[in-house]
Amino acid sequence: MTDQAKTGRTGVAVLDIGVMGAPIARNLLHAGFDVTVWNRTKEKAEALAAQGASVASAPSEAASDVEFLITMLTDGAAVEAAMTGPEGALAALSPDAVWIQMSTVGVAATQRLAELADKRVGFVDAPVSGSSEPAERGELLILASGNPALRPRLRPLLDALGHRTLWLDRPGDGSRLKLVLNNWLAVLAEGMAETIGLATSLGLDPGLLLDTLAESQLGSAYATAKGRAMVKRDFTPGFPLHHACKDAALALDAADRHGIELPLTEALSKRWNEAISLGHGNDDVAAAITTAR
């Protein structure tokens, strides 16, 4: 008899326990799932053992005997390595398991991963909109696309992670929408950084700018929150700058493939890479202010 059958609870594997993977695993534990975690740095995974998670030494071990597997890694190459490498998870999954791909990897990589899963396990493209704070609260927006027949099975799991699951009809549209949303957030963050720089250079208190925006239709809750972090120089990572820069590069790649230009994204990408070179890669995207001048 499997551990899952003994407990009567559903087994879930979470691959990579980082800024987003850790709160995802915790919320699944709180919802009563049996959770097995794996991380490239094992110490991060072991931090969840005290909360009830099992810790696997390899992706294949994590994937053994689970109904669902979640990947939340840095990029497409990292996801593919965890799934198909020498100790990859894909071969260890049972045929009726479902792979829920939540990493932000772009359109081309999503298609590649879906092809790897094809005819072996169920595959759902389900990146999330939201940073570490909504992830901790289980209030992510989940952008899901995949076989409609899988939706009832996935509902309890996704409900434990987000306040809403937006199901999209076309395979891969979860990743397409995530790129569009993250491109918009990037433009907002850079725009706020530059506007604070302008206000300061004109002798204005940036707090006045933020208060005025918050009280008007010009304001955005996301932009003003990042603005306040910029003014305080509080770069506690909710959405690390190197991840945001990676997503901007994915948007630029997608735009190039479709013959369009994203001049704002191209410009901010150069600035953000400069901030990363100054040591702000692991800081929050609010660290974009460090190169605003």
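So, on to the packing of helix H5 (residues 76-84) against helix H6 (residues 107-117). The geometry of H5 relative to H6 is characterised by a closest axis approach of 10 Å and an angle of 10° between their N-to-C directions. When the axis of H5 is compared with that of H6, the two are roughly parallel. Seen from H5, the contacting residues are Gly-76, Val-79, Glu-80 and Thr-84; seen from H6, they are Ala-109, Arg-112, Leu-113 and Leu-116.

Okay, helix H13 (residues 263-280) next. When we look at burial in H13, the residues that qualify are Thr-265, Leu-268, Ser-269, Arg-271, Trp-272, Ala-275 and His-280. At its buried positions, H13 is contacted by helix H9 (173-201) and helix H12 (241-257).

Take the environment of Leu-161 next. Mapped onto the elements, Leu-161 comes out in helix H8 (residues 151-161). Aside from chain neighbours lying at most four places away, what touches Leu-161 is Ile-24, Asn-27, Leu-28, Ile-70, Met-102, Gly-138, Glu-139, Leu-140 and Ile-142.

Mapping Ser-132 onto the fold places it in helix H7 (residues 132-137). Residue Ser-132 is classed as buried on the basis of its relative accessible area, which comes to 14%. Setting aside anything within four residues of it in sequence, one finds Ser-132 in contact with Val-19, Met-20, Pro-237 and Gly-238.

Moving on, we get to the nonpolar core. Ranked by size, the top nonpolar core spans 34 residues in total, and within it Leu-28, Val-37, Ile-70, Ile-100, Met-102 and Leu-157 carry the most contacts. Elements that contribute at least two residues to this core include exactly strand S1 (11-15), helix H2 (21-30), strand S2 (34-38), strand S4 (68-71), strand S5 (98-101), strand S8 (140-146) and H8. Aside from chain neighbours lying at most four places away, what touches Ile-70 is Val-12, Ala-13, Val-14, Leu-15, Ile-24, Leu-28, Ile-100, Met-102, Leu-157 and Leu-161. Core analysis: the second largest hydrophobic core is formed by 27 residues, Ala-189, Leu-213, Ala-229 and Ala-244 among them.

What counts, and where the lines are drawn
Residues numbered from 1 in each chain as written. Predicted model: local features only at pLDDT ≥ 70, side-chain atom pairs only at ≥ 80, totals over all residues. Heavy atoms only, no water. Axes fitted to C-alpha atoms, helices over the stretch in contact; angles between N-to-C directions. Helix = DSSP H or I, 4+ residues; strand = E, 2+ residues; numbered from the N terminus. Parallel < 35°, antiparallel > 145°, perpendicular 65-115°, else oblique. Contact = heavy atoms within 4.5 Å. Buried < 20%, exposed > 50% of the residue type's maximum accessible area, 1.4 Å probe, protein only. Core = buried A, V, L, I, M, F, W, Y, C linked by side-chain atoms within 4.5 Å.

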